[in-house]
Amino acid sequence: VNTFVAQYFGAGHSERIGISVWQGVFIGAATFPLIALIIPLSPQIFALVAHEPAIQAMERTYFSIVLWGMAASVMSAALSGFFTGRGRMQTVMVVDIGMAMVNLGLDYVLIFGKLGFPALGITGAAYATVIAYWFQFSAFLVLFLLPANRREFGTWVGMRFDRELMGRLLRFGFPSGFQMLIDVVAFTFF
């Protein structure tokens, strides 16, 4: 998405920017059911690691909950491309700092049981992360849909599927996305 936004922005085709970003958001939304299919596999995944049973139980708990935020993370990556592709990295930095602060604050509250919440331990850490991912997505979406962006970049009217543009996005984005998947899987495994 970042590449498409940068190219359209540089070429002066602002009307193509909103629809390009929406194709990335649609891809992110499509990952939700795929990611949800992984949850039942968590016992087998963590059995491969062969940690002691108590650790495996915590790993499965955290993993199974955090997966509910992964689609938000992918959609956020698409939406952040709207800003980085136009050289607005500060916006992304502010949203990401906000996400980290939400995660940090909720970690404190949910892990240790503060402000009237029960102490949830690893479960609380997972919930905090999921809420932070959805916060990040919401913040990017609100900024993306600001009236000025709707007028200049068609961020509202571009909310439609474009087969040709989606095909190009997948053709150019799949290799780097696949590389990132391999990196994450390898990092997670080790």
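Our subject is the structure that appears above.
The paragraphs below set out a description of the structure included in this document. Quantities reported herein were computed from a predicted structural model and do not represent experimental measurements. All residue numbers refer to positions counted from 1 along the written sequence of the respective chain. Restriction of local features to residues with pLDDT of at least 70 applies here, the model being predicted, together with a cutoff of 80 or more for giving and counting side-chain atom pairs; totals for whole chains, interfaces and linings are based on all residues. Excluded from the side-chain calculations are hydrogens and water; all other atoms, namely the structure's heavy atoms, are used.

Remarks on the nonpolar core
Residues belong to one nonpolar core when they are buried, are Ala, Val, Leu, Ile, Met, Phe, Trp, Tyr or Cys, and are joined through side-chain atoms within 4.5 Å. Remark: exposure states derive from per-residue accessible area (1.4 Å probe, protein chains only) relative to the maximum for the residue type, with buried under 20%, exposed over 50%, and partly exposed in between. Ile17, Val21, Val25, Leu79, Phe82, Phe140 and Phe144 are the most contacted members of the largest nonpolar core, which totals 31 residues. Of all the secondary-structure elements, those providing two or more residues to this core are helix 1 (2–11), helix 2 (17–36), helix 4 (53–66), helix 5 (70–84), helix 6 (89–112), helix 7 (122–144) and helix 9 (163–189). The contact definition used throughout considers only heavy atoms, calling two residues in contact when any of these lie within 4.5 Å. Among all residues touching Phe144, those that are not within four sequence positions of it are Gly18, Val21, Trp22, Leu79, Phe82, Phe83, Asn149 and Thr155. For helices the rule is a DSSP run of H or I covering at least 4 residues; for strands it is a run of E covering at least 2, with both sets numbered from the N terminus onward.

Considerations on the layout of surface pockets
Site definitions follow a grid-based scheme: protein atoms alone, a 1 Å grid, a 1.4 Å probe that fits but cannot get out for cavities, and for pockets an open set with protein on both sides within 12 Å along at least five of seven lines, plus lining residues having an atom within 4 Å of a point. Grid points are joined across faces, edges and corners, and a volume is the space filled by probe spheres set on the points. One number sums up the size of the largest pocket: a volume of about 2100 Å³. Val74, Gly177, Met180, Leu181 and Val184 are the residues nearest the centre of the largest pocket, which is lined by 48 residues in total. Mapped by element, the contributors of at least two residues to the lining of the largest pocket are helix 1, helix 2, helix 3 (42–49), helix 4, helix 5, helix 7 and helix 9. No other element matches the 14 residues that helix 9 contributes to the lining of the largest pocket. Tallied by class, the residues present in the lining of the largest pocket amount to 32 nonpolar, 15 polar and one charged. In this classification, the charged set is Asp, Glu, Lys and Arg, the nonpolar set is Ala, Val, Leu, Ile, Met, Phe, Trp, Tyr, Cys and Pro, and all remaining amino acids, among them Gly, are polar.

Regarding the packing of aromatic side chains
Centres within 6.5 Å make a pair out of two Phe, Tyr or Trp rings, where for Trp the six-membered ring is used; the pair is then stacked when the planes are under 30 degrees apart, edge-to-face when over 60, and tilted otherwise. Going through the model one piece at a time under the given rule, you end up with 13 aromatic pairs. Ring plane angle 80 degrees and centroid distance 5.2 Å describe the contact between Phe46 and Phe63, whose orientation is recorded as edge-to-face. A residue pair is termed long-range when its members are at least 10 positions apart, and Phe46 in helix 3 and Phe63 in helix 4 qualify at 17 residues. For Phe46, a relative accessible area of 11% gives the class buried. Three or more aromatic residues link up through ring pairs in this structure, and these residues are Phe9, Trp22, Phe26, Phe82, Phe83, Phe140, Phe144 and Phe153. The ring centre of Phe82 lies 4.1 Å from the NZ or CZ of Arg86, which sits over that ring. Only lysine NZ and arginine CZ atoms are considered, and such an atom sits over a ring when it is within 6 Å of the ring centre and within 35 degrees of the ring normal.

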